[in-house]
Amino acid sequence: MIRLQQVAKIYSLGAVEVRALDGVTLPIGPGEFVALVGPSGCGKTTLLNLMAGIDRPTSGEVWLEGERLDRLSDDSLTCLRRSKVGIVYQFFNLLPTLTAKENVALPLLLNGLQRSDIEGRVERGLQRVGLMHRAEHWPHELSGGEQQRVAIARAIVAEPRVVLADEPTGNLDSVAGEAVLDLLARLHREQGQTIVLATHSQEAMKRAGRIVYLRDGRIEGLEER
Ligand SMILES: Nc1ncnc2c1ncn2[C@@H]1O[C@H](COP(=O)(O)OP(=O)(O)O)[C@@H](O)[C@H]1O
Ligand SMILES: [Mg+2]
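First, a word on what this report is: a plain description of the structure on this page. (Residues numbered from 1 in each chain as written. Chains lettered and ligands numbered in written order. Predicted model: local features only at pLDDT ≥ 70, side-chain atom pairs only at ≥ 80, totals over all residues.)

## A short note on the environment of Ile-195
Mapped onto the secondary structure, Ile-195 falls in strand 8 (residues 194-199). With 24 C-beta atoms counted inside 10 Å, the residue Ile-195 sits in the buried group. Once the C-alpha coordinates of Ile-195 and Arg-161 are considered, the two residues, 34 residues apart in sequence, prove to be 8.7 Å apart. When near neighbours in sequence (up to four residues on either side) are disregarded, Ile-195 contacts Phe-33, Val-163, Ala-165, Leu-184 and His-188. (Helix = DSSP H or I, 4+ residues; strand = E, 2+ residues; numbered from the N terminus. Buried ≥ 20, exposed ≤ 12 C-beta atoms within 10 Å, placed from the backbone. Contact = placed C-beta atoms within 7 Å.)

Quick look at the structure:
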């Protein structure tokens, strides 16, 4: 489903080079639930951004469903990302001037779906995260946990095979965090989506089938569960 082959990512800040990733090789199978774990700055976000085609490696190969992302044009990457990948962020990243429903509809609008098709899908998305009753609310009217569940609905509404989540519970209290993790685990179980989750949370790690430990841009260890 996803394969990273000898991936390096170097950021140049003036004369200083930061090796965010340094020779990462990691295959992830369809339907896996993988947790990326490691101290702040170890490269988790960089790794997710490469898998999402948001960023390109300095060297090495990144494959997603049989396509080599590091060789695609920017336009092809954007298309692929819209159809194949759903992304969940630590700070939700909902658009504040759109309602919950409109936020969830956004990926479908960008994918060029007809309005008549969008309505039903958005409802199903919000139902899946248990927030149909908040459809008309603005993000600022929702709790952090609710905002994150709307963000998950937005991530899955186009039915991507891969969901990438970057510390999705990092900004939530433990009860709201549990609800978000339960939701991701249920999506994984019921829809068979491939999930890659960067996290510091023990609770999140418990739900993963495999834990990848990162340190200084390298894989330090793997744990099968
Ligand atoms: N856009 C960037 N420019 C320069 N350095 C960056 C950039 N993004 C990340 N880094 C550096 O790369 C390393 C890995 O960062 P990151 O992937 O965000 O780690 P994590 O998500 O595990 O905290 C860090 O040293 C960080 O400072
Ligand atoms: Mg990060």
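## Topic: helix 5 (residues 144-156)
Compared with an ideal rise of 1.5 Å per residue, which puts 13 residues at 18 Å, helix 5 spans 19 Å between its outermost C-alpha atoms and is within 8% of the ideal. Counting buried positions along helix 5 gives twelve out of 13 residues, so the element sits mostly inside the fold. Close packing links the buried residues of helix 5 with strand 6 (85-88), helix 3 (100-110), helix 4 (115-128), strand 7 (162-166) and helix 6 (174-191). (Expected span 1.5 Å × (residues − 1).)

## Quick notes on the site of ligand 1
Around ligand 1, the neighbouring residues are Tyr-11, Leu-13, Val-18, Ala-20, Gly-38, Ser-40, Gly-41, Cys-42, Gly-43, Lys-44, Thr-45 and Thr-46. When contributions to the shell around ligand 1 are tallied by element, the ones reaching two or more residues are strand 1 (2-13), strand 2 (16-28) and helix 1 (44-51). For the shell around ligand 1, the leading source of residues is helix 1, giving three residues. For the shell around ligand 1, a count of residues per class yields five nonpolar, six polar and one charged. (Near = placed C-beta within 6 Å. Nonpolar A, V, L, I, M, F, W, Y, C, P; charged D, E, K, R; others polar.)

## Examining helix 4
For helix 4, spanning 14 residues, the distance from its first C-alpha to its last is 20 Å, which sits close to the expected 20 Å at 1.5 Å a residue. Every buried residue of helix 4 is accounted for by Val-122, Gly-125 and Leu-126. Buried residues of helix 4, seen end-on, are gathered within an arc of 90° and therefore sit on one face of the element. More than 90 degrees from the buried face of helix 4, the exposed residues found are Ser-116, Asp-117, Gly-120 and Gln-127. Contacts made by the buried residues of helix 4 are with helix 3 and helix 5. A positive backbone phi angle near 70° is found at Gly-130, which sits one or two residues after helix 4. (Arc of directions from axis to C-beta.)

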